[in-house]
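Here are the chains, one letter per residue:
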Amino acid sequence: MPNTTANRFDSTVAGIHVEGKAHSLSAWFVLALRLMMGYAFLHAGWTKFAFVSGEAFDATGYLLHATASNGSPIAGFFAGVASTPWLMGIVNIAVPWGEFLIGLGLIVGALVRLAAFFGALMMLTFYLGNWDIAHGVINGDFAYMLVFLAVGAFAAGRIIGLDSLIENYTIGGEKLVERYPKLRYILG
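Just so we're clear, the structure is a prediction, and the values are computed from it rather than from any experiment.

Trainee: Sorry if this is basic, but what is going on with the overall build of the protein here?
Mentor: Tallying secondary structure elements over the protein gives 9 helices and 4 strands in all. Along the chain direction, N to C, the helices and strands of the protein fall in the order β-β-α-α-α-α-α-α-α-α-β-β-α. Overall, the protein is about 55 × 40 × 30 Å in size when its C-alpha atoms are taken along their principal axes. In the protein, which comprises 188 residues, the proportion classed as buried is 32%. Contacts in the protein between residues at least 24 apart in sequence constitute 62% of all its contacts with a sequence separation of at least 6.

Trainee: Would you mind going over the packing of aromatic side chains with me for this structure?
Mentor: Pairs of aromatic rings are described using the distance from one ring centre to the other and the angle between the two planes. Inspection of every chain in the model, using the stated rule, returns 13 aromatic pairs. Ring plane angle 80 degrees and centroid distance 5.0 Å describe the contact between Phe-41 and Phe-148, whose orientation is recorded as edge-to-face. In this pair, Phe-41 sits in helix α1 (residues 26-46) while Phe-148 sits in helix α7 (residues 140-153), placing the two residues 107 residues apart along the sequence. Accessibility classification places Phe-41 together with Phe-148 in one group, the buried group. On the basis of an interplanar angle of 55 degrees and a centroid distance of 5.4 Å, the ring pair of Tyr-127 and Phe-142 is categorised as tilted. Of this pair, Tyr-127 sits in helix α6 (residues 112-129) while Phe-142 sits in helix α7, and the two are 15 residues apart along the sequence.

Trainee: Any chance you could explain the environment of Phe-142 here in plain terms?
Mentor: Judged by its relative accessible area of 21%, Phe-142 is partly exposed. Residue contacts for Phe-142: discarding those within four places in its chain leaves Tyr-127 and Val-137.

Trainee: Can you walk me through the layout of surface pockets in this structure?
Mentor: The method is simple in principle: a probe with the dimensions of a water molecule rolls over the atoms, and the space it marks as empty is what remains. Looking at the largest pocket, its volume works out to about 740 Å³. Forming the boundary of the largest pocket are 29 residues, of which Val-91, Val-95, Met-122, Thr-125 and Phe-126 lie nearest the centre. Residue assignment for the lining of the largest pocket shows that the elements contributing at least two residues are α3 (60-69), α4 (75-82), α5 (85-108) and α6. Classifying every residue of the lining of the largest pocket by side-chain character gives 24 nonpolar, 5 polar and no charged. Lining the second largest pocket, in full, are Asn-7, Phe-9, Ala-22, Ser-26, Ala-27, Val-30, Phe-154, Ala-155, Arg-158 and Ile-159. At the level of secondary structure, the elements contributing two or more residues to the lining of the second largest pocket comprise β1 (7-13) and α1. Considering every element that reaches the lining of the second largest pocket, the biggest residue donor is α1, with 3 residues. For the lining of the second largest pocket, the class distribution of residues is 7 nonpolar, 2 polar and 1 charged.

Trainee: Looking at this structure, how should I read the side chain of Glu-167?
Mentor: By secondary structure assignment, the location of Glu-167 is in helix α8 (residues 162-168). Residue classification places Glu-167 among the buried positions, given a relative accessible area of 8%. What Glu-167 contacts, discounting residues up to four positions off in sequence, is Arg-158, Lys-175, Leu-176, Val-177, Leu-187 and Gly-188.

Trainee: How should I be thinking about the pattern of salt bridges in this particular structure?
Mentor: When the charged atoms of two side chains lie near each other, side chains of opposite charge can form a pair. Summed over all chains, the structure comprises 3 salt bridges. A salt bridge links Arg-158 to Glu-167; the nearest nitrogen and oxygen atoms lie 2.8 Å apart. Judged by its relative accessible area of 37%, Arg-158 falls in the partly exposed class.

Trainee: Which parts of the structure should I look at to understand the confidence of the model for the protein?
Mentor: The predicted structure's coordinates, where accompanied by low pLDDT, should not be read in detail. Across the protein, the average pLDDT comes to 91, with 97% of residues at or above 70. The lowest-confidence element of the protein is β1, averaging 83 in pLDDT; the highest-confidence one is α5, averaging 97.

Trainee: Is there a simple way to explain the pairing of β1 in this structure?
Mentor: Where a strand is regular, its side chains alternate between the two sheet faces. With respect to burial, β1 is a largely exposed element, only 0 of its 7 residues being buried. Sheet analysis places β1 next to strand β2 (residues 16-22), joined by 7 bridges and oriented antiparallel. Bridge pairing in β2 places Phe-9 opposite Gly-20. In this structure, the hairpin formed by β1 and β2 is closed by a connection of 2 residues, where Ala-14 is found at a positive phi of approximately 55 degrees.

Cut-off values and rules
- Residues numbered from 1 in each chain as written.
- Predicted model: local features only at pLDDT ≥ 70, side-chain atom pairs only at ≥ 80, totals over all residues.
- Heavy atoms only, no water.
- Helix = DSSP H or I, 4+ residues; strand = E, 2+ residues; numbered from the N terminus.
- Buried < 20%, exposed > 50% of the residue type's maximum accessible area, 1.4 Å probe, protein only.
- Contact = heavy atoms within 4.5 Å.
- Phe/Tyr/Trp six-rings, centres within 6.5 Å; stacked < 30°, edge-to-face > 60°.
- 1 Å grid on protein atoms, 1.4 Å probe; cavity = no way out; pocket = protein on both sides within 12 Å on 5 of 7 lines; lining within 4 Å.
- Points joined across faces, edges and corners; volume = space filled by probe spheres on them.
- Nonpolar A, V, L, I, M, F, W, Y, C, P; charged D, E, K, R; others polar.
- Salt bridge = Lys/Arg side-chain N within 4 Å of Asp/Glu carboxyl O.
- pLDDT = per-residue confidence, 0-100.
- Pairing = 2+ DSSP bridges.

Encoded structure:
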């Protein structure tokens, strides 16, 4: 039987207070968002691996040309990265592996807050790189960034995920997150 009591949300940021209630089905929607983003990122990373695509991932041309032609406000930064071989080496490894590992973490529900943070960070860079505000400043990249932030904020890894098992793992009779409270920032 579903829990009919509503979850309460209550927060104050910069002196502004908000509160609300979530429907008991909200957990299923949060889980769906986690799995959707997990699959999207796992697949995106997987298809960038050389053994799958047949060629090594290289973002140099995109960072040099596409960001400048679309009017990105940080096109100069992207061009600087693309013109620095050791930085491009990091980018060309970090993008496919980052996408793949973020997706894997979300799918299995492990280190979800950490994965969501880095997913949101990647989406912010994609948003700035894919700059197109012809239809307004909100686009798919921006929306996905907010989805990642919501997945992390709602501790989606505790919903049919490994984070709930990790948090409740005991060492010497003490829960892992009680022994190491900073783990709450990456689990959930």
